[in-house]
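# Fold and contact review
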Amino acid sequence: MPLLGLLPRRAWASLLTQLLRPPCASCTGAVRCQSQVAEAVLTSQLKAHQEKPNFIIKTPKGTRDLSPQHMVVREKILDLVISCFKRHGAKGMDTPAFELKDFDIAGQFDPMIPDAECLKIMCEILSGLQLGDFLIKVNDRRIVDGMFAVCGVPESKFRAICSSIDKLDKMAWKDVRHEMVVKKGLAPEVADRIGDYVQCHGGVSLVEQMFQDPRLSQNKQALEGLGDLKLLFEYLTLFGIADKISFDLSLARGLDYYTGVIYEAVLLQTPTQAGEEPLNVGSVAAGGRYDGLVGMFDPKGHKVPCVGLSIGVERIFYIVEQRMKTKGEKVRTTETQVFVATPQKNFLQERLKLIAELWDSGIKAEMLYKNNPKLLTQLHYCESTGIPLVVIIGEQELKEGVIKIRSVASREEVAIKRENFVAEIQKRLSES
């Protein structure tokens, strides 16, 4: 059962050890048969903390208050992410203390099927956010370790060299090589062998090429990783996203808990005006397989295979915010659909009747909280806030039994019978 992960991955793994037991003989996924238990335990744990707080809540350093405009953008981004997660069968847990950003699949399943779905989810979210062209780099930690082994990297230096390789998205190869040799004591010829691999990237053809590589093909770990990547690309092709995926031997994801496939999404072109420096925001989504992490937190060492992804909500929000500034885009801070206005004095009661009818019909409406507002003030308010429609009631309209409906964008007005004005507005809103 896919779950909406609301915790950092290490905390999520720690929680899983408390929630999951070894799967029963007839069950293919531990989370699937233990999901209700998981919810109950997690809820009880959260309530215990809420009832007896032993900490003081403080605003973290570097955070900020968000304006209504920023909140609208943030909510749209999160809504898109959450709806995508749910479309793929995710089941959320009520943990309001944490910000949703992860999608994880826990349980024993056939190879690469859940991994491929995680990559599909990444593509759907990044396409839906319309951030521009993107590419998802894919590798496997078994290939990384196998590569280090055949190149002659001492096992004690695997993690240190892995962290250097991870910097290739920000540094040139010569600088990474310098760090490995000068700062981390790697033999120059070993670094050069690594350089032959980490500068390679491509599709499934590169996977096939690595199968034939005289050094890499001699390493059991690397061959296992390559076999899984070949299968993964078959599924990605069926999902129609293989063109968005690149097998990249420079991708290392230095976090120790990854055990298999790893991936990281990057924007190919950050939205900026011509002549401006592109925004350097790094990856906007990442993840991979972490089959051993849960067992690290379980005294009995029970293993629960897991794969997941994280969406960089803050980075995405920053990109969208900068794009809006560049293009001078305005953001509506309300969802008001209709404004109730009058050109004359002493029409508050009529306005209240109209707005009540709109609310009762499920239409988002508002009016100025004044007895006798000026019509120009009311129309300017609609234009500045982006409200699309105005209904106008005055002496002439009241006498004729009609209501005027005004399109704010075109400034065109039409008179509709009083009893039909709600239906007309609903029709217009459905067509817009």
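Residues numbered from 1 in each chain as written. Predicted model: local features only at pLDDT ≥ 70, side-chain atom pairs only at ≥ 80, totals over all residues. Heavy atoms only, no water.

### What about the confidence of the model for the protein chain?
So the rule is basically this: Scored from 0 to 100, pLDDT reflects the predictor's confidence in each residue. Contacts were defined at the residue level, with two residues in contact if any of their heavy atoms lie within 4.5 Å.
In this model, the protein chain carries a mean pLDDT of 82, and residues with pLDDT of at least 70 account for 79%. In the model, residues 20–59 has pLDDT below 50 throughout and makes 40 contacts with residues more than four positions away in sequence or in other chains.

### Focus: the packing of aromatic side chains
Under the convention used in this document: Here the aromatic set is Phe, Tyr and Trp, taking the six-membered ring for Trp, and pairing holds for ring centres within 6.5 Å; pairs whose planes are under 30 degrees apart are stacked, those over 60 apart are edge-to-face, and all others are tilted. Runs of H or I in DSSP of at least four residues are treated as helices and runs of E of at least two as strands, each being numbered from the N terminus. Each residue's exposure class comes from its accessible area (1.4 Å probe, protein chains only) as a fraction of the maximum for that residue type: buried when under 20%, exposed when over 50%, partly exposed otherwise.
With the rule as written, the count across this model stands at five aromatic pairs. Each ring, one from Y257 and one from Y290, has its centre 6.3 Å from the other, and the planes form 70 degrees; the classification is edge-to-face. Linking Y257 in the loop between β5 (245–248) and β6 (261–267) with Y290 in the loop between β7 (285–289) and α11 (293–296), this pair joins segments that are 33 residues apart in sequence. Taking relative accessible area as the criterion, Y257 reaches 10% and is therefore assigned buried. For Y290, a relative accessible area of 0% translates into the label buried. Ring centres of F339 and Y381 lie 5.6 Å apart, and the angle between their planes is 50 degrees; this geometry places the pair in the tilted category. Of this pair, F339 sits in strand β9 (residues 338–341) while Y381 sits in helix α14 (residues 375–385), and the two are 42 residues apart along the sequence.

### Side note on the sheet that holds strand β10 (residues 365–366)
Sheets are built from strands paired through backbone hydrogen bonds, the pairs being either parallel or antiparallel. Definition in use: One bridge is not enough; two strands pair if DSSP finds at least two bridges between them.
Read across the sheet, five strands follow the order β10-β9-β11-β12-β13 without closing on themselves; strand pairing throughout is mixed. Either end of the sheet is taken by a strand with one partner, and the two such strands are β10 and β13 (413–417). Here strand β12 (residues 402–407) runs beside β13; their pairing, made up of five bridges, is antiparallel. By the bridge assignment for β13, R406 is matched with E413.

### Digging into the pairing of β7
Most of β7 is tucked away, with five of its five residues classed as buried. With burial as the criterion, each face of β7 is covered, one bearing A285, G287 and R289 and the other bearing A286 and G288. Bridge analysis of β6 against β7 gives four bridges, and the strand direction is antiparallel. Bridge pairing in β7 links A265 to A285. Relative to strand β8 (residues 306–311), β7 runs antiparallel, the two sharing five bridges. From the neighbouring strand, G287 faces β8, where its bridge partner is L309.

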